[in-house]
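Residues per chain, in single letters:
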Amino acid sequence: MLKFRALLVLVFCAVGVSAQAADLKVQQVTDGIYALVGPHEQRNATNFANNATFGVVVTDEGVLLVDPGGSYLGAAQIDAAIKTITDKPVKIVINSGGQDHRWLGNGYFKAKGAHIIASADAVKDHKARLNDYFFMLTNLMGKEALKGTDAVYADETFDKELDLNFGGHRFEIRHVGSAHTLGDSFIWMPDTGVMFTGDIVYVERMLGTGPAGNTANWIDVFETMADYNPKFIVPGHGPVTDVRRATLETYDYLVYLRTMIGRIIENGGPIAEAVAIDQSPFKHLEVFDEISKRNAQAVFMQMEFE
Ligand SMILES: [Zn+2]
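The model shown is predicted, which means the values in this text are computed figures rather than measured ones.

A short note on the packing of aromatic side chains
Overall, the coordinates contain 10 aromatic pairs when judged by the stated rule. With 5.0 Å between their ring centres and 80° between their planes, Tyr108 and Phe109 make a pair best called edge-to-face. Relative accessible area serves as the criterion here: at 1%, Phe109 is assigned to the buried category. One aromatic cluster is present, built from ring pairs that chain together Tyr72, Tyr108 and Phe109. The positively charged end of Lys127 is found above the aromatic ring belonging to Tyr153, 5.0 Å away from the centroid.

Have a look at this one:
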């Protein structure tokens, strides 16, 4: 009986979308621009795979949303959070990368008439890993929390760059190479100094080296992004930040891993030595215990073949 009750509570939580809107923290970046900051925990039945940060730009023409959440109910949660800011509808959705939370909420916003934009490489990645996403999410969240989630791909794709004028703003969407995933893009707003980076920038929590598996490229992409000298960064994970903190918590960590592990490889050392490197300078980052050794292992395996 106790078990049954626990299950009931879980199912109830999974469908209580509006009650869950509080899980996304609304953070104002500047006039009309907001970040919706999700938790750092693993995907589960109550966060609907929204364990990431999303960008919202409110204009006279409607809302532009950077990343629609990791599921249909995740998208509904984002929509509920947007409704606490404005009554205007979401007109444009940009998928900044390949991860679930960057695109699996597309169907929700598409059904409400939004136009969806992504790099061609991101869409290729969405298609290639579709079964993996559903397998992983079913395991982590359960079927009920995934209800309504379908593979809905971008309406408009671009190879390297797309400039968009919407609501009196200019959006420069740039895919300069793979970073965390193969098709990552950043979105630059020159008139406001705001940069949306998706999974190119992690702050407050430790990054995962990611499915693209190319940390050298990620470092290059970060440098290109940082060259814009943005005033505000809406990262892929964590609160609104700036270039200084993004550098300390994403860029410096990638460089540190590659430097330490590069030395081990040069000396013909084994993978166990890489896994054991001292990562304590980054111990303050959340999910350090869960992810740091896995990162070292992945970087070793990548660098071995460079
Ligand atoms: Zn992510």
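Some remarks on the coordination of the zinc ion
Distances from the zinc ion to its protein donors, Gln99 (OE1), His101 (NE2), Asp199 (OD), Asp199 (OD) and His237 (NE2), fall at 2.0 to 2.8 Å. Along the chain, the residues that donate to the zinc ion are spaced as Q-x1-H-x97-D-x37-H. Here Asp199, found in strand β11 (residues 194–202), pairs with His237, found in strand β12 (residues 232–237); they are 38 residues apart in sequence, far enough to count as distant. You can call Asp199 buried: its relative accessible area is 0%.

What to know about the side chain of Asn295
Relative to the elements of secondary structure, Asn295 occurs in helix α10 (residues 288–303). If we skip the residues at most four places from it in the chain, Asn295 touches Met206, Leu207, Gly208, Thr209, Tyr253 and Leu257.

A closer look at the pattern of salt bridges
Between side chains of opposite charge, a pair can form when the charged atoms approach closely. Evaluated as defined, the whole model comprises 15 salt bridges. Measuring nitrogen to oxygen at the nearest pair gives 3.8 Å for the salt bridge that ties Glu172 to Arg174. There is no split in this pair, since Glu172 and Arg174 are both buried.

Analysis parameters
Residues numbered from 1 in each chain as written. Predicted model: local features only at pLDDT ≥ 70, side-chain atom pairs only at ≥ 80, totals over all residues. Heavy atoms only, no water. Phe/Tyr/Trp six-rings, centres within 6.5 Å; stacked < 30°, edge-to-face > 60°. Buried < 20%, exposed > 50% of the residue type's maximum accessible area, 1.4 Å probe, protein only. Lys NZ or Arg CZ within 6 Å of the ring centre and 35° of its normal. Donors = N, O, S within 2.8 Å, 3.2 Å for Na, K, Ca; no water. Helix = DSSP H or I, 4+ residues; strand = E, 2+ residues; numbered from the N terminus. Contact = heavy atoms within 4.5 Å. Salt bridge = Lys/Arg side-chain N within 4 Å of Asp/Glu carboxyl O.

Function cannot be inferred from these measures alone, as they are strictly geometric.
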